[in-house]
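Overview (structure and organization)
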Amino acid sequence: MVAVGQTTFKKAPDAIDPAAIPSVTLNNGKKMPVLGMGTFGSDAYTAKEIADAVLGAAEFGQRAFDCASVYGNEKEIGESLKVVLEGGVPREELFITSKVWNNMHGDVIASCKQSLADLQMDYLDLYLVHWPFPNFHPPGCSVESRSADAKPYIHENYMKTWAQMEQLVDMGLVKSIGTSNMTIPKMELLLRDCRIKPVVNEMECHPHFQQPELFDYLVKNHIQPIGYCPIGSPARPERDRTADDTVDIEDPVIVKIAEKYGVHPAIICVKWSLQRGLVVIPFSTKRSKYTSNLKTALMAPLTEEEMKAISRIDRNCRLIKGQVFLWKESNGWEDLWDLDGTIAQ
Ligand SMILES: NC(=O)c1ccc[n+]([C@@H]2O[C@H](COP(=O)([O-])OP(=O)(O)OC[C@H]3O[C@@H](n4cnc5c(N)ncnc54)[C@H](OP(=O)(O)O)[C@@H]3O)[C@@H](O)[C@H]2O)c1
């Protein structure tokens, strides 16, 4: 039994009405709240801290949680979700996402069943293929390390994984399936060959990394973009930083707009993404932060000029480069992202 600090659900006195949070309708007709809570603590936060934040956020009215087996905290989060459900929140009000990690592409069903058991759920609202590479690397390893077995994207193999994702829908274990960290060339192949289309693609997206082409492509194909690192992941570990990385929340354009509204620059980053049409999943374990993040979905819109000003500060600055997924013969992290429109081999 995994211990969480609190065993009862108490609606917070300042709670918002979860029904007031807008939702998007996915291409299979299911609805998803526009603002979820991230649960990746990396090296900075323990599983218990994150599980406590999940419970605290639910008491404030948060209903959507972006989980993943590789985050190593689904058991603890499951204990919190159990308290939420026992506290009277109907299961249909929650929107729970999880993801199959790279080492389980060959047995997606088992991975999903494990996440269901850990999260104490009968079904997931959304299940994603976390990365389109089955390449293993130990948690927390250096970005320079390369696995001898790592391979470039192999579409035939990805489709075997996707067929198991489709089977999960058939089995009723997940309501919707989607992708993460995909590129346009990979998505083209998936859309050509799939039986069940992905409803979302989860991708890095923040003012300094706007991915306009991929965003437009997804919208055109009725695939909802979910933006991860919406604040530019300011607390990511040292190993995930390079000298060229820029800081969204210090950008003068963001800072000036934040001053006008009297909010933290993080809120402007989140609001810009929401207003652009992304589902957003900011992370914090701190009550003042996760509550203000959720309230961003209820905040008045930024002006058209502010939206335009932010669209002009794109620096094409990818923070999560994915170096650890590279294979021996690869040239560099750019190979993972098909920058010239072809899939690197
Ligand atoms: N699919 C994928 O491959 C993938 C990859 C990366 C992330 N994700 C998902 O996306 C989620 C979010 O990404 P992320 O955690 O890397 O980055 P993020 O949400 O952009 O940044 C989180 C950081 O921003 C700070 N913050 C949050 N809300 C704030 C507020 N209102 N005011 C000031 N600062 C605030 C937090 O500070 P404190 O530390 O002080 O709380 C936290 O360190 C993850 O938790 C995970 O669920 C998915």
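All values reported here derive from a predicted model rather than from experimental measurement.

Before going further, it helps to spend a moment on helix α2 (residues 74-86). One turn of an α-helix holds 3.6 residues; hence residues three or four places apart share an orientation. Its 13 residues place the ends of α2 18 Å apart at the C-alpha level, agreeing with the 18 Å of an ideal helix rising 1.5 Å per residue. All of the buried residues in α2 are Glu 74, Glu 76, Ile 77, Gly 78, Glu 79, Ser 80, Leu 81, Val 83 and Val 84. The positive-phi residue at the C-terminal boundary of α2 is Gly 88, with phi of around 110°.

The next thing to look at is the pairing of strand β5 (residues 95-100). Buried residues dominate β5, accounting for six of its six residues. Burial along β5 is two-sided: Phe 95, Thr 97 and Lys 99 and Ile 96, Ser 98 and Val 100, pointing in opposite directions, are all buried. As paired strands, strand β4 (residues 64-66) and β5 are joined by three bridges and run parallel to one another. When the sheet's bridge partners are listed, Ala 64 is paired in β5 with Phe 95. With α2 bridging β4 and the parallel β5, this β-α-β connection has right-handed handedness.

With that out of the way, let us pick up the site of the ligand. Close to the ligand lie 30 residues; Gly 38, Ile 231, Ala 235, Phe 283 and Ser 284 are nearest. The set of elements that each furnish at least two residues to the shell around the ligand consists of α8 (265-276) and α9 (287-295). The element best represented in the shell around the ligand is α9, accounting for three residues.

Further remarks concern the environment of Lys 75. Turning to its location among the elements, Lys 75 is positioned in helix α2. For Lys 75, a count of 17 C-beta atoms within 10 Å puts it in the partly exposed group. Remark: the alpha-carbon pair of Lys 75 and Leu 119, spanning 44 residues in sequence, is separated by 5.8 Å.

Once that is clear, we can look at the packing of helix α7 (residues 252-261) against α8. At a minimum axis separation of 8 Å, α7 and α8 run at an interaxial angle of 100°. Viewed along their axes, α7 and α8 adopt a mutual orientation that is roughly perpendicular. Two secondary-structure elements touch here, α7 through Ile 254, Val 255, Ile 257 and Ala 258 and α8 through Pro 265, Ile 267, Ile 268 and Cys 269. Partitioned by chemical class, the residues of the contact of α7 with α8 number eight nonpolar, no polar and no charged.

Cut-offs used in this document
Sequence positions are assigned chain by chain, starting from 1 and proceeding in written order. Local features are withheld for residues below a pLDDT of 70 in this predicted model, meaning they are given only at 70 or higher, and side-chain atom pairs are given and counted only at 80 or more; totals for whole chains, interfaces and linings count all residues. To qualify as a helix, a DSSP run of H or I must reach at least 4 residues; to qualify as a strand, a run of E must reach at least 2; elements of each kind are numbered from the N terminus. Helices are assigned an expected span. That span is 1.5 Å times one less than the residue count. Here exposure depends only on C-beta density: within 10 Å of a residue's C-beta, 20 or more other C-beta atoms make it buried, 12 or fewer make it exposed, and intermediate numbers make it partly exposed, the C-beta atoms being placed from the backbone. Here the rule is simple: two strands pair whenever DSSP picks up at least two bridges between them. We call a crossover right-handed when, viewed with both strands directed away from the observer, the connection leading from the first strand over the helix to the second proceeds clockwise. We call a residue near a molecule or strand when its C-beta atom, built from the backbone, sits within 6 Å of it. In this analysis an axis means a line fitted to C-alpha atoms, helices contributing only their contacting stretch, and an angle means the value between N-to-C directions, from 0 to 180 degrees. An angle counts as roughly parallel when it lies under 35 degrees, as roughly antiparallel when it exceeds 145, as roughly perpendicular when it falls between 65 and 115, and as oblique in every other case. Placing C-beta atoms from the backbone, we regard two residues as in contact once those atoms come within 7 Å. Residue polarity is assigned by list, with Asp, Glu, Lys and Arg as charged and Ala, Val, Leu, Ile, Met, Phe, Trp, Tyr, Cys and Pro as nonpolar; anything else, Gly included, falls into the polar class.

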